[in-house]
Amino acid sequence: MAEITLVEAINLALSYEMQADSQVVVIGEDVGKDGGVFRATVGLLDKFGPERVLDTPLAESMIAGMAIGMAAQGLKPVAEFQFMGFIYPALDQIINHAARMRNRTRGRLTCPVVFRTPFGAGIHAPEHHSESTEAYFAHTPGLRVVIPSSPARAYGLLLASIRDPDPVIFLEPSRLYRFAKQEVNNDGKALPLDVCFTLRVGEDVTLVTWGAMVKETIAAANTLQQEGIHAEVIDVATIKPLDMETILASVEKTGRCVVVHEAALTNGVGAEIMAQLAEKALFSLKAPPERVTGWDTIVPYARLEKYYLPNEKRITDAVHSLMEYA
């Protein structure tokens, strides 16, 4: 069992599944010879050859369309977009074709494709390289949206996503790519999709988050612990479909909830969680739930990134507000 980073776990999962299933192919800009912009696909070309690791032109719509065509004909493509900010030319293909393939053919065809892309701020990149627009895809029927937050979850969730018969948007927090190492057993065991992971048990407040914000949320929970406030931390992991059962069960126990996400506030996934809490857990709440999010602005350049991203203090302040609510 090796200690590896999140980006290395992505590479390990791709290599394992390509070895286990000859129908799995990797396509995208610079994924072959250069190993990808973050080196997530490094070494795969040498191991599996140019027929299964394909460098493409700089054309995101073509990458998506080619992947969908491959998937319709029995292959299992894993398509990489270099950054989430570059995925928008592919929206037509993803939303109008990949997401609708099963419905359009009444189940005759499925679309087993994974669209991978790094996303999120915190790496001192321009705004097109730093966006968190997961809500665009979560709103689309037919798409599954998965966001890992650790090397082990990246490995297991990517394996599950490649094996899924329907399209998966797999969003990789670039800020966590090399943040920390974790022991990952390369045993080919997938983690379940469509479920939350409870990272920490507590009885005073529920902290719900995903992706890179797990880092700050865990730090906030540690600080709160020292103050005698026991926070339960939930990593949503699959934001579509959303496992509200786990969130509701936690909130029914704690009576308080803070949702933390990096994306802009308005119409973010946090708003859906809050709406369902109002519908299904209103009488369990001891205080109105709060959101700690990014701002309704374009992600700023490097010197101002720290003011855009939610931080530990904003999270603990929100919890203090809930604990003081009368």
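For the structure, check the block above.
Residues numbered from 1 in each chain as written. Predicted model: local features only at pLDDT ≥ 70, side-chain atom pairs only at ≥ 80, totals over all residues. Heavy atoms only, no water.

Colleague: Give a detailed account of the packing of aromatic side chains, specifying residues and quantitative values.
Modeller: Tallied over the full model, the rule gives five aromatic pairs. Taken together, a centroid distance of 5.7 Å and an interplanar angle of 80° make the contact between Phe83 and Phe86 edge-to-face. Since its relative accessible area comes to 8%, Phe83 is described here as buried. Grouping aromatic residues by their ring pairs yields a cluster made of Phe38, Phe83, Phe86 and Tyr177. Over the aromatic face of Phe197 sits the side chain of Arg153, whose NZ or CZ is 6.0 Å from the ring centroid. (Phe/Tyr/Trp six-rings, centres within 6.5 Å; stacked < 30°, edge-to-face > 60°. Buried < 20%, exposed > 50% of the residue type's maximum accessible area, 1.4 Å probe, protein only. Lys NZ or Arg CZ within 6 Å of the ring centre and 35° of its normal.)

Colleague: So, the sheet that holds strand β14 (residues 290–294): which residues are in play, and what are the values?
Modeller: Taken together, the five strands give an open sheet; going across it, the order is β9-β11-β10-β13-β14, and neighbouring strands pair in mixed fashion. Both outer strands of the open sheet, β9 (197–200) and β14, are each paired with one neighbouring strand and no more. Strand-to-strand twist of the sheet, defined as the mean angle between neighbouring strand axes without regard to direction, takes the value 25°. Alignment of β9 against strand β11 (residues 231–235), held across three bridges, turns out to be antiparallel. By the bridge assignment for β11, Arg200 is matched with Val233. (Pairing = 2+ DSSP bridges. Helix = DSSP H or I, 4+ residues; strand = E, 2+ residues; numbered from the N terminus. Axes fitted to C-alpha atoms, helices over the stretch in contact; angles between N-to-C directions.)

Colleague: I'd like a rundown of the environment of Lys240, residues and numbers included.
Modeller: Position of Lys240 relative to the elements: it lies in strand β12 (residues 238–240). Excluding residues within four positions of it along the chain, Lys240 makes contact with Ala138, His139, Thr140, Pro141, Leu143, Arg144 and Val145. Engagement of the side chain of Lys240 in a polar contact is seen with the backbone oxygen of Thr140, the distance being 3.1 Å. (Contact = heavy atoms within 4.5 Å. Polar contact = N/O pair within 3.5 Å; in protein donor to acceptor, adjacent residues only side chain to side chain.)

Colleague: Give me the layout of surface pockets: which residues, what numbers.
Modeller: The calculated volume of the largest pocket comes to roughly 350 Å³. Residue lining of the largest pocket: 17 residues in total, with Ser132, Thr133, Tyr136, Ala264 and Tyr308 positioned closest to the centre. Put simply, the parts of the chain that give the lining of the largest pocket at least two residues each are α6 (134–138) and β13 (257–264). Considered class by class, the residues forming the lining of the largest pocket number seven nonpolar, seven polar and three charged. (1 Å grid on protein atoms, 1.4 Å probe; cavity = no way out; pocket = protein on both sides within 12 Å on 5 of 7 lines; lining within 4 Å. Points joined across faces, edges and corners; volume = space filled by probe spheres on them. Nonpolar A, V, L, I, M, F, W, Y, C, P; charged D, E, K, R; others polar.)

Colleague: Any details on the pairing of β11? Residues and values, ideally.
Modeller: Where burial is concerned, most of β11 is hidden: five out of the five residues are buried. Burial along β11 is two-sided: the residues Ala231, Val233 and Asp235 and Glu232 and Ile234 are all buried. Sheet topology places strand β10 (residues 205–209) next to β11; five bridges connect them, and they run parallel. Looking at β11, one finds that Thr209 is bridged to Asp235. Once the chain exits β10 it traverses helix α8 (residues 213–226) before rejoining the sheet at β11, and the crossover so formed is right-handed. (Right-handed = clockwise from strand over helix to strand, strands pointing away.)

Colleague: Can you break down the pairing of strand β2 (residues 24–28) residue by residue, with the values?
Modeller: By the criterion of burial, β2 is predominantly enclosed, with five of the five residues buried. Every second residue of β2 is oriented toward a common face, with Val24, Val26 and Gly28 on one face and Val25 and Ile27 on the other, all of them buried. Of the pairings in the sheet, the one linking β2 to strand β4 (residues 76–80) comprises five bridges and is parallel in character. For Ile27, the partnering residue across the bridge sits in β4 and is Ala79. Where β2 and strand β3 (residues 53–55) come together, three bridges link them in parallel fashion. Paired with Val26 across the strands is Val53, a residue of β3.

Colleague: Describe helix α7 (residues 151–163), naming the residues involved and giving the relevant values.
Modeller: Taking 1.5 Å per residue, 13 residues should reach 18 Å; α7 reaches 19 Å between its end C-alpha atoms and fits that length. The element α7 is extensively covered by neighbouring structure, given that eleven of its 13 residues are classed as buried. (Expected span 1.5 Å × (residues − 1).)

Colleague: Give a detailed account of the environment of Met18, specifying residues and quantitative values.
Modeller: Looking at where Met18 falls in the secondary structure, it is placed in helix α1 (residues 6–20). In this structure Met18 comes out as buried when scored by relative accessible area, which is 1%. C-alpha separation for the pair Met18 and Ala71, spaced 53 residues apart in sequence, amounts to 15 Å. Leave out the neighbours within four places in its chain, and Met18 touches Val24, Val26, Leu44, Phe48, Arg52 and Val53.

Colleague: Could you give an account of the nonpolar core, naming the residues involved and the relevant values?
Modeller: Counting 47 residues, the largest nonpolar core has Ile94, Phe115, Ile247 and Leu277 as the members making the most contacts within it. Sorting elements by how many residues they give to this core places helix α3 (residues 60–72) first, with seven residues. Excluding residues within four positions of it along the chain, Leu277 makes contact with Met244, Ile247, Leu248, Val251, Cys257, Leu282 and Pro289. Grouped together as the second largest cluster of nonpolar side chains are 36 residues, Phe83, Val146, Leu176 and Ala212 included. (Core = buried A, V, L, I, M, F, W, Y, C linked by side-chain atoms within 4.5 Å.)

Colleague: Requested: an account of the sheet that holds β4, with residues and values cited.
Modeller: Reading across the sheet, the seven strands line up as β3-β2-β4-β5-β7-β6-β12 and stay open at both edges, with mixed pairing between neighbours. Because the sheet does not close on itself, it has two edges, and the strands there are β3 and β12. On average, each strand axis in the sheet is tilted by 20° relative to the strand beside it, whichever way the strands run. Here strand β5 (residues 114–119) pairs with strand β7 (residues 168–173) via six bridges, running parallel. Each residue of the ladder has a partner; that of Phe115, found in β7, is Ile169. On the sheet, α7 packs against β2, β4, β5, β6 (144–146) and β7 and is oriented at approximately 160° with respect to β7.

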